[in-house]
Amino acid sequence: MNDTQDTARWHPVARAADLRPGANIVAGFAEGQELALWRAADGTPQAWENRCPHRSVRFTLGQVVGNRLSCAYHGWQYAAGSGQCTSIPAHPAMQAPRNVCAKTFAVAEAAGMLWVHLSPEAPPAPSALADAIPAGWHFCRTLTARASAGAVRAAMQRRGLSFDDATGAWTGRLGGTRAAALVLDAQPALAFVHLWSDAAPGSDAMKNLHAAARALRGDIEALPTPE
């Protein structure tokens, strides 16, 4: 697999800054896969299938306990990294079953984003991911579009944005403001666009970018849905 193909399979699911060590759990999607995103207390990012293997309750309803994720239903706890069940609070003297394990995915942190690879044999994250967003640029917003990721990419191409095969980023101008965009294929008819810019937060240029992003979404969602 070449570097371009490998980069394309790493999905920019969330901003790295949105996950706090040992604290919150964020819901995410990639290619229809529902994810529970969190950080262990030691800061290590985690991306798991959003389903407890015990009773299939969503992990996003639970809580982070140190370097473990605890399900909201019966409180079963799973270790960061391996996803192995380590504790059953209702039966503290009982050894946790070795065959109960949360499904985990490869995760990388680069360019201010959390990237997830869904393959069970994911290769190391390519170094090019670190260059997806220019250093010093500011996050603008995450745009939600009720359309396929392909439709979003086609719309950005029509607006003259350029795609970088190495990093998976789109760059150019939206509303006259320099921007970099990362497209997330969340679900068959749902895509997210993470937008960054060199414009200062609160500046007129950044406001123009917000307005241009809303216009872009309107144009995309106005297109007929393929049958």
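These remarks concern the structure in this document. (Residues numbered from 1 in each chain as written. Predicted model: local features only at pLDDT ≥ 70, side-chain atom pairs only at ≥ 80, totals over all residues. Heavy atoms only, no water.)

### Notes on the overall build of the protein
Summing up its helical and strand segments, the protein has 3 helices and 15 strands in all. Taken over the C-alpha trace, the protein has a radius of gyration of 19 Å; the compact-globule value for 227 residues is 17 Å, and the two agree within 12%. The principal-axis extents of the C-alpha atoms in the protein amount to approximately 65 × 40 × 35 Å. The contacts of the protein with a sequence gap of at least 6 include a subset with a gap of at least 24, amounting to 52%. (Helix = DSSP H or I, 4+ residues; strand = E, 2+ residues; numbered from the N terminus. Rg over C-alpha atoms; globule rule 2.2 N^0.38 Å. Contact = heavy atoms within 4.5 Å.)

### What to know about helix α2 (residues 149-158)
Since the α-helix packs 3.6 residues into each turn, any two residues three or four apart lie on the same face. Restricting attention to buried positions, one finds in α2 the residues Ala149, Val152, Ala155 and Met156. The arc enclosing the buried residues of α2, seen along the axis, measures out at 120°, which places them on a common side. Among the exposed residues of α2, those oriented more than 90 degrees off its buried face are Gln157 and Arg158. Along its buried surface, α2 packs onto β11 (138-145), β13 (170-174), β14 (177-187), β15 (190-197) and α3 (204-222). (Buried < 20%, exposed > 50% of the residue type's maximum accessible area, 1.4 Å probe, protein only. Arc of directions from axis to C-beta.)

### Structural notes on the sheet that holds strand β8 (residues 85-87)
An order of β5-β6-β7-β8 is seen for the 4 strands of this open sheet, with the pairing classed as antiparallel. Where the open sheet ends on each side, the last strands, each with one partner, are β5 (63-65) and β8. On average, adjacent strands in this sheet sit at an angle of 40° to one another, irrespective of strand direction. As paired elements, strand β7 (residues 77-79) and β8 share 2 bridges and run antiparallel to each other. Across the sheet, Tyr78 pairs through a bridge with Cys85, a residue of β8. (Pairing = 2+ DSSP bridges. Axes fitted to C-alpha atoms, helices over the stretch in contact; angles between N-to-C directions.)

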